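One letter stands for each residue in the lines below.
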Amino acid sequence: MYEPIRTKSVHSTMAGTPSDFPHRSREEELDIQLAGHLSALLAVTDELRALTPSADLDTAAERLVAEVCRLRGGKPPRATPGTAAGGPAGLHRRAHALAGRALVVAASRADTAAAILSAERMDAHAAALADPRELSTTG
């Protein structure tokens, strides 16, 4: 009743064929994502340093640069010009959120150093938001 198919199917499967583009592992993708979050946190930290210079922010920036370099195989992060939109309070809120995102990614890839740095930055920005004296200084 049915005639067998005599021609090769026009639909092919991807099984067993080499791909034309490189694939990254989950770890590589998480490294890229974590480096991006830490780079964004560094940019906000630099904006805060311009508004309210402090030794704590200088140290944080140095540690963030070191982590981004480690994750990017030695490539330093690019400097991005900031706008300081929202003043110090807005920058601290943005930095707190970025540090939280970095903490989630660092925890998922079991990167203790990045997780500790992210948690410390979250604490520092939360403390700055809780202290009205820190928010009123605009260097």
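Everything quoted here is computed from the prediction, not taken from an experiment.

**Quick notes on the packing of helix α1 (residues 26-51) against helix α4 (residues 112-130)**
How two helices sit against one another is set out by the angle between their axes and by the gap between those axes. The interhelical angle for the contact between α1 and α4, taken along N-to-C directions, is 35°, at an axis separation of 12 Å. Crossing geometry of α1 relative to α4 is assigned as left-handed. Mapping the contact onto sequence places Leu34, Leu38, Leu41 and Leu48 in α1 and Ala114, Ser118, Arg121 and His125 in α4. Of the residues that constitute the contact of α1 with α4, the class distribution is five nonpolar, two polar and one charged.

**Side note on unusual backbone geometry**
Positive phi, close to 60°, is recorded for Ala110, a residue that is not glycine. Within the secondary structure, Ala110 sits in the loop between α3 (87-108) and α4.

**Topic: helix α2 (residues 55-71)**
Its 17 residues place the ends of α2 25 Å apart at the C-alpha level, agreeing with the 24 Å of an ideal helix rising 1.5 Å per residue. Burial in α2 covers these residues: Leu57, Ala60, Ala61, Leu64, Glu67, Val68, Cys69 and Leu71. Backbone geometry just downstream of α2 places Gly73 in the positive-phi region, at approximately 70°.

Definitions and limits used
- Residues numbered from 1 in each chain as written.
- Predicted model: local features only at pLDDT ≥ 70, side-chain atom pairs only at ≥ 80, totals over all residues.
- Heavy atoms only, no water.
- Axes fitted to C-alpha atoms, helices over the stretch in contact; angles between N-to-C directions.
- Helix = DSSP H or I, 4+ residues; strand = E, 2+ residues; numbered from the N terminus.
- Left-handed = near helix turned anticlockwise from the far one by under 90°.
- Contact = heavy atoms within 4.5 Å.
- Nonpolar A, V, L, I, M, F, W, Y, C, P; charged D, E, K, R; others polar.
- Expected span 1.5 Å × (residues − 1).
- Buried < 20%, exposed > 50% of the residue type's maximum accessible area, 1.4 Å probe, protein only.

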